[in-house]
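A look at the structure
Below, each chain spelled out in residue letters.
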Amino acid sequence: MDDYRLRQTKQKFGVFWGNFGLPLIFIILVAVFSIANPNYATSYNFLNNLSFSSYVGISAIGMTFVIMTGNFDISIGSMLALVAVLGSSFIPRVGGVVAVMLTLLVACFLGFINGIFVTKLRIPAFITTLGMLFVFRALAFIYTDNVPVYISDRFWLYFGNGKLFGVIPFPIILMGICYILAYLLLRKSPVGRYIIAVGTNSRAAALSGINVDNIKILVFTLMGLFVGISAIINSANLGSANPGLMGQDYEFQVITAVVLGGTALAGGNGSLGGSLVAALILTFLNNGMGLMQVNSYWQLVATGLIMIFAVSLNKLKFYLLGQGEF
Amino acid sequence: MKRYLKIAFITAICLAMILTLSFIGCAKEEAAEGGMQVKTYTNASDITIGFSLWTMEFTFFQNVEKGVKDACEDLGFKYVMIDQNSDATKMVQDLNALVGQGVSGIVVTPVDPGAIGPAVENARKSGIPVVCADIGKSGPVNALMISDNFKGGQLAAEFLAGKINDTAKPLGLGNLLPQWTYARQRGEGFLAKAMELTYNVAANIIVQNPSAEGGYDTMQQILSAVPDVAGVYFTSGREAVGAAQAIQASGKDIWSVGYNGDPEEFQAIKDGVLDATILQEPYYIGYRSVEILKEILLDGKFYENVEIPVDVKLVTPENLDQIAADILEKTGNSAFPAE
């Protein structure tokens, strides 16, 4: 009977940790920094951090889908730079509104190419996207002759710097909409179930009639779409699109958020909410350490250790739920 | 499927409406503002200077930071520094965070000068003056302290011409990437002076990998393209040291000049590997940037988009020790690498 109770308690804690572990870490983090530095707890700083978390947060949606299917996309940093320089160079010719739409189309197309290479040429996603990382970056350099594209179109700039009712930064609204749509797609539509099925066991998924290749192409295309949205927001924040400096180490930041959020690298299991909270943790942590005058190298140490700590807690959750060893 | 199409359609319509309404609201808000009103102070102790720095990885930036910090101490200001970690997105986030902290003035050494426009505009709208300490700017700032890079390039060409003394012999240039608009003037000054002195710059190659290895590779390319090159000028410090090592490895007698005055360059000149460098004054750039903010915030002086050139000097084996002693006296830092 005692064993049974212990198992039940373990399971309850596992479920609690699975649902509230990361949000709890986030709240503790914000509380600690707010006590340590009063300037951290201002609404301005909070909204500023939320707004900048969209840079990683939006692409983390696409990466969650990709990793859930058991794949990787490490080309997204270069893709972000290429999409940003292409999109912003359209502005003088077609205007801001059409340029935004064209940018998203181009981004989807680049993701689609990745998906085609992975599925039709049977090249592992890691190799394909590693190759495309070089191709996209080189194309960005070639297209611009390594000269940044300056953006003055107010519609485009609004995506990074606009405020709804003069208060809420527009990137926060966009990120919210992206997460709601992605949640509906993943949890309330057959496509979402197919993504989970492909990631859990692609052979079984194929035998049950799911077109595995099409699902993989779809998730890579969605990855492109979310990178496209991030590229517009980021270039609007910066007021320019720089082919060399944009998206440096971006893929690692996004993968860090997704892994920290509890998505299993082996595929199948994933959490959009986890990815969002992880993106918030990373942004708020960096901001807090910066305001606390923590040396930048120690900031990297702290980020790395927190990631390892959070992933080990995630493993603890599965152990408590009786779904794995610790 | 129809249900999902309906959801997507409704979402797109809602998003378009939000975007349109808030965009119109924003347009009115922007039209109502504009211009800059600086909040002035009477007590130095009420002033906090925020400094956003490219990176603490390189000596040049460490000296800019020391200059800013020392000036804040000397003038009685509080001081907050945030490291951009060579990340343009973080730079913008940090600048906004400094505005949120309510600093009185900002000094920024931007990793991407093209990307500071909106963040600087945001700071200035909040009444916070911004001074760029080197690198460059985009859009209006209060002041930009920038090395006289064109003159530096001219000094390098004059030095090489004086040593080679034969206009038939070709020169080489290891140039910077086109995105560094202000720093590219180092190459432009060199090319203009070389032309004036009737020297031919037979190879003008961009160092694609900004590092000592990049300098080494580029020098090898110059040696392949122009085997009889008599003198080379590399527009950045580490690249120049790499290039000088490639010259030494080739066994050829080629004059070499760098730019920056990094400790590695001082050591290379002392060791006879590099022949000269153009010295920038990062400590002075940082210190003077804070003095300008003091003039704006305490004295009420008007600065709007003012570019202030900072003088550069030629360092050769002849004046190396004297200049190193001056640097030590002014900054407390050795001009040579730490042992």
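Here is a short report on the structure shown in this document.

1. A look at the sheet that holds strand β1 (residues 48-53) of chain B
All names here are of chain B.
- The sheet built from 6 strands is open, its strands ordered β2-β1-β3-β4-β5-β11 with parallel pairing. Of all the strands in the sheet, the pair left with one neighbour each is β2 (78-83) and β11 (306-310). Across the sheet, the axes of successive neighbouring strands diverge by a mean angle of 20 degrees, strand direction being ignored.

2. Points about the sheet that holds strand β6 (residues 171-175) of chain B
All names here are of chain B.
- On the basis of which strands lie adjacent, the open sheet formed by 6 strands has the order β7-β6-β8-β9-β10-β12 and mixed pairing. Looking at the sheet topology across the chains shown, the edges are occupied by β7 (201-206) and β12 (313-315). Strand-to-strand twist in this sheet, taken as the mean axis angle between neighbours without regard to direction, amounts to 20 degrees.
- Here β6 runs beside strand β8 (residues 231-234); their pairing, made up of 4 bridges, is parallel. Along β8, the bridge assignment pairs L173 with Y233.
- Across the sheet, helix α9 (residues 263-270) is in contact with β9 (255-260), β10 (276-279) and β12; its angle to β10 comes to roughly 150 degrees.

3. Re the interface of chain B and chain A
- Counting residues at the interface gives 36 residues for chain B and 41 residues for chain A.
- Of all the elements in the fold, those that place two or more residues in the side of chain B that touches chain A are α1 (2-32), β2, α3 (88-101) and α4 (117-125) of chain B.
- Per element, the largest residue contribution to the side of chain B that touches chain A is 10 residues, and it comes from α1 of chain B.
- A class-by-class count of the residues in the side of chain B that touches chain A yields 18 nonpolar, 13 polar and 5 charged.

4. Comments concerning the packing of helix α10 (residues 212-238) of chain A against α3 of chain B
- Put simply, α10 of chain A and α3 of chain B touch, their axes get as near as 10 Å, and they point 60 degrees apart. One way to sum up the angle between α10 of chain A and α3 of chain B is to call them oblique. Seen along the crossing, α10 of chain A lies across α3 of chain B with a hand that is left-handed. Along its contact with α10 of chain A, which presents N234, N237 and L238 of chain A, the element α3 of chain B presents A88, T89 and V92 of chain B.
- Tallied by class, residues from the contact of α10 of chain A with α3 of chain B come to 3 nonpolar, 3 polar and no charged.

5. Digging into α9 of chain B
Residue and element names in this part refer to chain B.
- Burial analysis of α9 places 6 of its 8 residues in the buried class, which makes it a mostly covered element.
- Turning to α9, its buried residues are P263, E264, E265, F266, A268 and I269.
- For α9, the elements touching its buried residues are α2 (59-75), α8 (237-250), β9, β10, β12 and α11 (320-331).
- Backbone geometry just after α9 places G272 at a positive phi near 80 degrees.

6. Details of the environment of V290 of chain B
Residues and elements named next belong to chain B.
- As for its position among the elements, V290 is in helix α10 (residues 282-297).
- Along the backbone, V290 and F61 are 229 residues apart, and their C-alpha atoms lie at a distance of 15 Å.
- Excluding residues within four positions of it along the chain, V290 makes contact with I49, V68, A71, C72, L75 and V107.

7. Describing the nonpolar core
- Within the largest apolar cluster, 148 residues are counted, with the highest numbers of intra-cluster contacts made by L80, V83 and M223 of chain A together with I49, V107 and V131 of chain B.
- Top contributing element to this core by residue count: α10 of chain A, with 16 residues.
- In this structure V83 of chain A touches T103, V106, A107, L110, V227, G228 and A231 of chain A, once residues within four positions along its chain are discounted.
- Within the second largest apolar cluster, 43 residues are counted, among which are V201, A244, W255 and I327 of chain B.

8. Remarks on the packing of helix α2 (residues 43-68) of chain A against helix α7 (residues 170-188) of chain A
All names here are of chain A.
- The contact between α2 and α7 brings their axes to 8 Å, and the two run at 25 degrees. Classed by the angle they form, the pair α2 and α7 counts as roughly parallel. The crossing of α2 and α7 is left-handed. Contact residues: α2 offers L50, S51, S54, G57, I58 and I61, while α7 offers P171, I172, L174, M175, C178, Y179 and A182.
- Taken together, the residues of the contact of α2 with α7 break down into 10 nonpolar, 3 polar and no charged.

9. Let's talk about the pairing of β10 of chain B
Residue and element names in this part refer to chain B.
- Residues A276 and I278 point to one face of β10 and T277 and L279 to the other, with burial holding for every one of them.
- Both β9 and β10 contribute to a ladder of 4 bridges, which runs parallel. Bridge pairing in β10 places N260 opposite L279.
- Once you follow β9 into α9 and on to β10, the crossover reads as right-handed.

Cut-offs applied
Residues numbered from 1 in each chain as written. Chains lettered and ligands numbered in written order. Predicted model: local features only at pLDDT ≥ 70, side-chain atom pairs only at ≥ 80, totals over all residues. Pairing = 2+ DSSP bridges. Helix = DSSP H or I, 4+ residues; strand = E, 2+ residues; numbered from the N terminus. Axes fitted to C-alpha atoms, helices over the stretch in contact; angles between N-to-C directions. Contact = placed C-beta atoms within 7 Å. Nonpolar A, V, L, I, M, F, W, Y, C, P; charged D, E, K, R; others polar. Parallel < 35°, antiparallel > 145°, perpendicular 65-115°, else oblique. Left-handed = near helix turned anticlockwise from the far one by under 90°. Buried ≥ 20, exposed ≤ 12 C-beta atoms within 10 Å, placed from the backbone. Core = buried A, V, L, I, M, F, W, Y, C linked by C-beta atoms within 7 Å. Right-handed = clockwise from strand over helix to strand, strands pointing away.

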